[in-house]
Amino acid sequence: MRLGSLSAELDAITREFDYGIVPGSATVFVKDEVNGIGRLDLTLLEGVMIVLEVTDQGYKVTSCSPLCNVDPALSTAHTVQAHLEAPFESMENLLMTISPMFRDRFQQELYNKLQSVQQQQQQQTSQPSLIHMDQQASLSLEHPAPLQPVFTSQPVHNPISTNTSTTTASAHNPDANTNSTASNPNDLNTFDELNHWINQ
């Protein structure tokens, strides 16, 4: 037995297996604490009533009776009869051996439990990430990133004024025309920065 006393074990059987048998069908009718023997009956989902005996040596089916003359009740009854009086170490092992529908329900319950645990672990894992994101957002608000420099376009020169000044300068200095057509080094640096910023 899993539990320390026969009474506790029988009570657990009547409550813990309703997902894989006819709910509420497990009924204890013998509870002999002196000799350590308990007996109960329950109905499998396939429509077969069985009588179980619980002792310190394990669990076993002592009799069975199909509740109808069609499958799956008949085929399950034949399976149960093949395991009459055979001891099992656990109640789960006994029911999975004699009842395919219990086995399916047990596997589904196990899967649902694992999914629930996995979801809880994912939630616990995501919480530190959310806290970290909140901290990063707070730091960003307290220390905002510097703004990108805004480059202004160069002033447009009036060609008339340029020509006039060039003509006037040429009249006094022959080399003035050559100097006025040279590119401004500051203009070249500005375009280079813009090109670098675009390709970042």
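Reading the values: the criteria
- Throughout, a residue's number is its position along its own chain's written sequence, starting from 1.
- This being a predicted model, a pLDDT of at least 70 is required before a residue's local features are given, and a value of 80 or more before pairs of side-chain atoms are given or counted; all residues contribute to the totals for chains, interfaces and linings.
- Excluded from the side-chain calculation are hydrogens and water; included are all heavy atoms of the structure.
- Numbering goes from the N terminus for both helices and strands, where a helix is a DSSP run of H or I of at least four residues and a strand is a run of E of at least two.
- Two residues qualify as a contact provided that any one of their heavy atoms is within 4.5 Å of a heavy atom in the partner residue.
- Definition used for salt bridges: Asp or Glu carboxyl oxygen within 4 Å of a side-chain nitrogen of Lys or Arg.
- For every residue, the accessible area obtained with a 1.4 Å probe (protein chains only) is divided by the maximum for its type, and the residue is called buried under 20%, exposed over 50%, and partly exposed between those limits.

By the naming in an unreviewed UniProt entry, the protein chain is GSKIP domain-containing protein, taken from Mucor lusitanicus CBS 277.49.

Peer 1: Looking at this structure, I do not really get the environment of L67. What am I missing?
Peer 2: When you line up the elements, L67 lands in the loop between β4 (58-66) and α2 (73-82). Sequence-wise, L67 and L44 are 23 residues apart; in three dimensions their C-alpha atoms are separated by 9.9 Å. Sequence-distant contacts of L67, that is, excluding residues within four places in its chain, are made with T43, G47 and M49.

Peer 1: Please explain the pattern of salt bridges as it appears in this structure.
Peer 2: Side chains that carry opposite charge are capable of pairing whenever their charged atoms lie near each other. Applying the stated criterion across every chain yields a total of three salt bridges. Between K60 and E53 there is a salt bridge; the shortest N-O distance is 3.6 Å. Under the relative-accessibility criterion, E53 is labelled buried at 12%. Note that E85 is salt-bridged to K60, the shortest N-O span being 3.3 Å.

Peer 1: Explain the environment of P87 to me, please; I cannot follow it from the model alone.
Peer 2: Summarising the element assignment, P87 is placed in the loop between α2 and α3 (91-98). Given a relative accessible area of 62%, P87 falls into the exposed group. Linking P87 and K60, residues 27 residues apart in sequence, is a C-alpha distance of 4.8 Å. Apart from residues no more than four positions distant in its own chain, P87 is found in contact with Y59 and K60.

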